[in-house]
Amino acid sequence: MIDDGCPTCGSMKYGLSELENIGDISIQFLECQNCKKIWIS
């Protein structure tokens, strides 16, 4: 998997905001430290 950073500003400074487990599927929510955008990994 290629990681291009934040989809909005392109910053590579981001961290795990939240981790959700739905059944056997794990969803990560990442938050950019630059523009505060949250996206699903």
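Residues numbered from 1 in each chain as written. Predicted model: local features only at pLDDT ≥ 70, side-chain atom pairs only at ≥ 80, totals over all residues. Heavy atoms only, no water.

S.K.: Break down the packing of aromatic side chains for me, with residues and values.
M.R.: Scanning the entire structure with this criterion turns up 1 aromatic pair. For the ring pair Tyr14 and Trp39, a centre distance of 5.3 Å and an interplane angle of 65° mean the geometry is edge-to-face. Within this pair, whereas Tyr14 is found in strand β1 (residues 14-22), its partner Trp39 is found in strand β3 (residues 38-40), the two being separated by 25 residues in sequence. (Phe/Tyr/Trp six-rings, centres within 6.5 Å; stacked < 30°, edge-to-face > 60°. Helix = DSSP H or I, 4+ residues; strand = E, 2+ residues; numbered from the N terminus.)

S.K.: Describe the pairing of β1, listing the residues and the values that go with them.
M.R.: The sheet contact formed by β1 and strand β2 (residues 25-32) spans 8 bridges and is antiparallel. If you follow Ile22 over to β2, its bridge partner there is Ile25. Counted along the chain from β1 to the antiparallel partner β2, the turn is 2 residues long, and its residue Gly23 has a positive phi close to 65°. (Pairing = 2+ DSSP bridges.)

So yeah, pure geometry; function would need other evidence.
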